[in-house]
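One letter stands for each residue in the lines below.
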Amino acid sequence: MNLTTDPIPKLVRQLAIPAATGFFFSTMYNIVDTFYAGKLSSEALEALGYSFAVFFILTAVASGVGQGSTALISNLLGSKNSVGARLMSQQTIGFGILVGITISILGWLSCPFLFKQLRATGQAYELGLIYMNYILLGSPFFILQGVLNASLQSSGDTASFRNFLIAGFIANLVLDPWFMFGAFGVPAMGIKGVAIATAVIQVCGCIYLWIKVKKLDWRRGSTLAELQPRMEKWKEIIEQGFPASVNMLTVALGIFVINWFLSGFSKESIAGYIVATRIEQIVLVPTIGFNIAILSLVGQNNGAGRLDRVRESWSVSMKYGFFTMLCGGIALFFLRGPLMKIFTNDPEIIIHGKDYLVVASITLFAYVILFQTVFMLQGLKRPAYALWIGLYRQIVAPVSAFWFLGYYLGWRENGVWWGVFGVTWSAALFTLWYGGNILKKLEAMKALETK
């Protein structure tokens with residue numbers, strides 16, 4: 001596979017399908033956690049709802065650092081600088097370990113405060129803290145997983161991470177009930193068992209990904225000395241990864257904002273939202289594959305000076321995304337009731353979840369436009385836009401929209417759902433215009449240079 005010469009449609013499929021398959025199983029992994037938590041108690045399900053926003057902070061940092069690392073390494077590989085790519089790969093590993101340890105410490109200090117801000121009380125509060133305390137033990141491995149995968153993605157290998165995610169899902173199917181309810185000498189640990197199962201799987205995943213990274217041709221000759229911090233390289237990683245991380249972090253803050261507004265209406269709406277978004281995530285899985293494909297393709301082709309292939313990658317990926325989300329939206333609309341009933345029998349939770357999924361079914365393509373354009377900009381080493389659009393989409397606009405629709409107009413939970421629709425589509429359309437303008441300017445500059 002050559003990302004700078006092979007046909008773009010073929011490359012998009014080759015990169016996106018394994019990535020999407022892997023993230024489907026990653027999403028199913030979370031659904032397994034939600035399913036078994038619901039078997040414990042409604043308080044355990046509620047605790048996962050409170051924990052989700054905090055847990056997302058961890059995954060957001062891992063994703064952001066991974067995206068930034070992919071952009072840097074793929075650009076170096078595209079410019080045929082394998083020595084520079086190897087050094088950058090090593091530097092991202094050292095950087096990722098330090099960030100993971102920092103996240104663990106900050107998480108332990110801040111979780112009680114954050115849960116209280118979400119109005120968590122009683123057993124749900126206690127269970128949420130137990131869950132997060134053990135999840136945070138595995139923070140360094142979450143981050144390390146992201147940077148190891150960056151080296152693989154930059155080389156066009158999305159299959160290795162897929163294999164890990166599939167194996168992790170299967171392991172979780174076994175470990176969740178085993179650790180939660182106890183058997184074969186393992187005591188029943190309840191929700192703590194869910195967290196421990198996740199930490200164990202992440203450690204095993206990092207070992208597997210490290211073995212795959214070591215086998216990359218351009219990584220041959222790497223040394224321990226290259227792991228030592230080099231501030232100029234860390235600066236590059238921060239410049240590329242920080243906006244992407246903050247953009248993802250704003251998603252966590254956005255979940256926090258949604259839960260805060262919903263908590264003013266009913267606890268059932270929070271549970272309905274958590275279950276419904278798990279279902280929505282399954283439908284959105286193909287878009288994740290396209291995001292990864294466009295980041296790798298744009299990164300290498302930008303490094304090679306092939307802006308024509310950058311534009312084609314963006315266009316082809318967007319067309320694939322439209323088709324898949326059209327099909328997904330139709331399925332989501334007509335199957336929303338039966339899908340909600342898989343996870344809960346509570347009629348109020350089901351009603352709130354169904355109402356959200358109606359709106360979600362006509363919002364799906366907005367995510368395609370938004371994310372694929374942001375990932376294209378990331379591959380062009382222009383990550384800052386992600387930060388600003390994330391702040392708008394997750395915090396600034398939602399606070400105003402949810403208050404106006406939910407409280408002022410009295411739409412309550414439906415005000416939150418339709419607020420998500422309006423904010424997402426406005427962000428997507430502006431991002432489409434902005435990304436197109438940036439690409440046009442780069443193409444014009446390239447044309448002047450070649451004259």
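Nothing here was measured: the structure is a model prediction, and the numbers come from that model. (Residues numbered from 1 in each chain as written. Predicted model: local features only at pLDDT ≥ 70, side-chain atom pairs only at ≥ 80, totals over all residues. Heavy atoms only, no water.)

## Overview of the pattern of salt bridges
Phase 1: Scanning all chains against the criterion turns up 7 salt bridges.
Phase 2: The salt bridge involving glutamate 226 is made with arginine 86; its shortest N-O contact spans 3.0 Å. In this pair, glutamate 226 sits in the loop between helix 7 (191-214) and helix 8 (231-263) while arginine 86 sits in helix 3 (residues 82-117), placing the two residues 140 residues apart along the sequence. For the pair formed by glutamate 226 and arginine 86, the shared burial category is buried.
Phase 3: Note that lysine 233 is salt-bridged to glutamate 236, the shortest N-O span being 3.9 Å. Here glutamate 236 and lysine 233 lie together in helix 8, a separation of 3 residues that amounts to about one turn. (Salt bridge = Lys/Arg side-chain N within 4 Å of Asp/Glu carboxyl O. Helix = DSSP H or I, 4+ residues; strand = E, 2+ residues; numbered from the N terminus. Buried < 20%, exposed > 50% of the residue type's maximum accessible area, 1.4 Å probe, protein only.)

## Structural notes on the packing of aromatic side chains
Phase 1: For the structure on display, the rule yields 23 aromatic pairs.
Phase 2: Judged by centre distance (5.5 Å) and plane angle (90°), the rings of tyrosine 273 and tyrosine 356 are edge-to-face. With tyrosine 273 in helix 9 (residues 267-303) and tyrosine 356 in helix 11 (residues 347-361), this pair connects stretches of sequence that are 83 residues apart.
Phase 3: By relative accessible area, tyrosine 273 is classed as buried at 7%.
Phase 4: Aromatic pair tyrosine 367 and phenylalanine 371: ring centres 5.8 Å apart, planes at 20°, arrangement stacked. Pair noted here: tyrosine 367 and phenylalanine 371 are both in helix 12 (residues 364-379), with a separation of 4 residues, about one helical turn. (Phe/Tyr/Trp six-rings, centres within 6.5 Å; stacked < 30°, edge-to-face > 60°.)

## Regarding the packing of helix 9 against helix 10 (residues 307-343)
Phase 1: Packing of helix 9 against helix 10 leaves a shortest axis separation of 9 Å and a crossing angle of 170°. Between helix 9 and helix 10, the crossing angle belongs to the class labelled roughly antiparallel. (Axes fitted to C-alpha atoms, helices over the stretch in contact; angles between N-to-C directions. Parallel < 35°, antiparallel > 145°, perpendicular 65-115°, else oblique.)

## As for the environment of threonine 158
Phase 1: Position of threonine 158 relative to the elements: it lies in the loop between helix 5 (139-154) and helix 6 (159-181).
Phase 2: For threonine 158, a relative accessible area of 4% gives the class buried.
Phase 3: Residues threonine 158 and isoleucine 330, 172 residues apart in the sequence, show an inter-C-alpha distance of 28 Å.
Phase 4: Beyond its immediate sequence surroundings of up to four residues, threonine 158 is in contact with Gln14, Leu15, Pro18, Ala19, Gln153 and Ile292. (Contact = heavy atoms within 4.5 Å.)

## Focus: empty space enclosed by the protein
Phase 1: For the structure on display, the rule yields 2 cavities of 30 Å³ or more.
Phase 2: Computed from the structure, the second largest cavity encloses a volume of approximately 40 Å³.
Phase 3: Taken together, Asn247, Leu370, Phe371, Val374, Ile389, Gly390 and Arg393 make up the lining of the second largest cavity.
Phase 4: For the lining of the second largest cavity, the secondary-structure elements that each account for two or more residues are helix 12 and helix 13 (384-408).
Phase 5: When its residues are assigned to classes, the lining of the second largest cavity shows 4 nonpolar, 2 polar and 1 charged. (1 Å grid on protein atoms, 1.4 Å probe; cavity = no way out; pocket = protein on both sides within 12 Å on 5 of 7 lines; lining within 4 Å. Points joined across faces, edges and corners; volume = space filled by probe spheres on them. Nonpolar A, V, L, I, M, F, W, Y, C, P; charged D, E, K, R; others polar.)

## A few points about the nonpolar core
Within soluble globular proteins, side chains that are nonpolar tend to cluster in buried spots.
Phase 1: If you look at the biggest cluster of nonpolar residues, it comprises 65 residues, and the most contacted ones within it are Leu262, Tyr273, Met340, Met376, Leu380, Phe402 and Val416.
Phase 2: No other element matches the 12 residues that helix 9 contributes to this core.
Phase 3: Ignoring any residue separated from it by four or fewer positions in sequence, one finds methionine 340 in contact with Gly272, Val275, Ala276, Ile279, Ile349, Ile350, Gly353, Lys354 and Leu357.
Phase 4: Of all hydrophobic cores here, the second largest spans 58 residues; its members include Ala62, Leu129, Met180 and Cys206. (Core = buried A, V, L, I, M, F, W, Y, C linked by side-chain atoms within 4.5 Å.)

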